[in-house]
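Survey of secondary and tertiary structure
Listed below are the residues making up each chain.
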Amino acid sequence: MFAVLLVVGVIVGVAYVYHEIVVKGKSCTSKVKLHGKTVIVTGSNTGIGKTTAIDLAKRGARVILACRSKQRGEAALEEVKRESGSSQVVFMQMDLGSLKSVRSFAETFLKTEPRLDILINNAGIYMQGRTADGLGMMFGVNHIGHFLLTNLLLERLKDCGPSRVVNVASTAHNFGKIDFDSLNSHKALGVGTSFYETLKVYSDSKLCNVLFTHELAKRLQGTMVTCYSLHPGAINSELARNASSWFQLVLKLITVFFFKNTVQGAQTTLHCALQEAIEPLSGRYFSNCTVREAYAKAKDDATAKKLWELSERLCGLA
Ligand SMILES: NC(=O)c1ccc[n+]([C@@H]2O[C@H](COP(=O)([O-])OP(=O)(O)OC[C@H]3O[C@@H](n4cnc5c(N)ncnc54)[C@H](OP(=O)(O)O)[C@@H]3O)[C@@H](O)[C@H]2O)c1
Ligand SMILES: *[C@@H]1O[C@H](CO)[C@@H](O)[C@H](O)[C@H]1NC(C)=O
Ligand SMILES: *[C@@H]1O[C@H](CO)[C@@H](O)[C@H](O)[C@H]1NC(C)=O
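Presented here is an overview of the structure given in this document. This structure is a prediction, so every number in the text was calculated from the model and none was measured.

**Topic: unusual backbone geometry**
Pro-162 follows Gly-161 through a cis peptide bond whose omega is 0 degrees. Residue position: Pro-162 is located in the loop between helix 5 (137–159) and strand 5 (163–168). Although it is not a glycine, Asn-288 adopts a positive phi angle of roughly 55 degrees. With respect to the secondary-structure elements, Asn-288 resides in the loop between strand 7 (285–287) and strand 8 (290–292).

**Some points on the pattern of salt bridges**
Going through the model one piece at a time under the given rule, you end up with 16 salt bridges. As a salt-bridge pair, Lys-158 and Glu-155 come within 3.6 Å of each other at their nearest N and O atoms. Within this pair, Lys-158 and its partner Glu-155 are both found in helix 5, separated by three residues, close to a single helical turn. By relative accessible area, Lys-158 is classed as partly exposed at 32%. Relative accessible area serves as the criterion here: at 51%, Glu-155 is assigned to the exposed category. A salt bridge links Lys-200 to Asp-204; the shortest N-O distance between them is 3.3 Å. Of this pair, Lys-200 and Asp-204 are both found in helix 7 (residues 195–219), four residues apart, which corresponds to roughly one turn of the helix. Among the residues examined, Lys-200 registers a relative accessible area of 28% and is labelled partly exposed. Asp-204 sits in the buried class, given a relative accessible area of 1%.

**Some words on the state of the cysteines**
In this structure the tally under the stated criterion is zero disulfides. The cysteine Cys-28 is free of any disulfide, with Cys-289 supplying the nearest cysteine sulfur at 6.1 Å. Look at Cys-28 and you get buried, because its relative accessible area is 12%. Cys-289 sits in the buried class, given a relative accessible area of 7%.

**Regarding the layout of surface pockets**
Quantified by volume, the largest pocket comes out at close to 1,300 Å³. Taken together, 50 residues line the largest pocket, and the ones lying closest to its centre are Tyr-202, Ser-237, Glu-238, Leu-239 and Ala-240. Those elements that provide at least two residues to the lining of the largest pocket are helix 2 (47–58), strand 2 (62–67), helix 7 and helix 8 (245–258). Here the lining of the largest pocket is composed, by residue class, of 25 nonpolar, 18 polar and seven charged. By volume, the second largest pocket is sized at about 230 Å³. Forming the boundary of the second largest pocket are 15 residues, of which Ile-118, Pro-162, Arg-164, Ala-273 and Leu-274 lie nearest the centre. Looking at the lining of the second largest pocket, the elements with two or more residues in it are strand 5 and helix 9 (267–274). Per-class residue counts for the lining of the second largest pocket are seven nonpolar, two polar and six charged.

Definitions and limits used
- Residues numbered from 1 in each chain as written.
- Chains lettered and ligands numbered in written order.
- Predicted model: local features only at pLDDT ≥ 70, side-chain atom pairs only at ≥ 80, totals over all residues.
- Heavy atoms only, no water.
- Helix = DSSP H or I, 4+ residues; strand = E, 2+ residues; numbered from the N terminus.
- Salt bridge = Lys/Arg side-chain N within 4 Å of Asp/Glu carboxyl O.
- Buried < 20%, exposed > 50% of the residue type's maximum accessible area, 1.4 Å probe, protein only.
- Disulfide = S-S within 2.5 Å.
- 1 Å grid on protein atoms, 1.4 Å probe; cavity = no way out; pocket = protein on both sides within 12 Å on 5 of 7 lines; lining within 4 Å.
- Points joined across faces, edges and corners; volume = space filled by probe spheres on them.
- Nonpolar A, V, L, I, M, F, W, Y, C, P; charged D, E, K, R; others polar.

This is the structure:
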């Protein structure tokens, strides 16, 4: 009897420690306040975007929730206001899968808001398909939409420096590859809807986030704007909502012990957005609130430049 209790005790203890230390990970320790500062968080109606927005609003920032659905965005607006106790929260509609929508969001924002101090490119989708502009869905939403948005807001960020751009990527970028032939032929990173293909295309789009950050940092040298990419951890969010049902079932089963909740999942984003004195690390990749050495393919100068130029063409900036 005693032995059984001991074994159960040890298992529970180890699981608890594992969860507390490994799953939870580090927290953002910055105490920075943001009164008078303006922040945009894309995809902030749910998941880690919403918890990120709540934290920033609590610090006094004026927070713009840039979300595609009016209904979900307005519901989140009420929740973010309530949870943060701040009235400085605004919903502005933007669908990253439509270049027209991104342009109209930027226009409205620049007209109505005098400042931009932190841009958090957080929205992401895990689903095959096409955007309104005929781009691959994950490439279009996860990368191109944010690429255009950032470029349209860059002058304002420069005017308000020191300012930051934070790109929420994923450790999945390690499995990614930028297939320029496939982008040139059908404006998507691979096709097909199999489990493997979907995961691959998602990983490719996340590699775009890391390479975009690498190139952006170079182009921002000499300005007061810095940028960072990151892996937020494995998080219990809505990201897999359009994945196959067996995959969602497997996820549900392992979620409890191995995944972070959305408050824990926001910590590395907050670290990149707020932590003092990380400016010399502009362009780098973070995970668990710590800078990491990215693999060579995620900081390859030639690929990053080529991706930038292709992206400019695809969203009509060049
Ligand atoms: N969850 C993880 O384990 C994990 C791991 C690594 C990286 N990430 C990254 O973390 C970020 C946040 O994901 P999450 O886990 O919080 O997922 P989530 O709960 O699914 O939230 C994603 C957000 O992105 C928005 N979005 C999707 N398509 C959009 C579009 N076309 N235009 C504007 N917004 C759009 C969603 O809006 P709707 O609600 O309207 O769809 C939602 O607000 C993503 O970039 C994801 O790739 C997540
Ligand atoms: C995060 O960092 C903490 C503190 O350095 C460490 O104990 C933990 O194992 C790390 N977690 C992950 C998931 O890397
Ligand atoms: C994605 O999942 C959501 C939530 O389950 C659902 O409402 C939506 O219709 C799905 N979209 C597609 C294209 O499957």
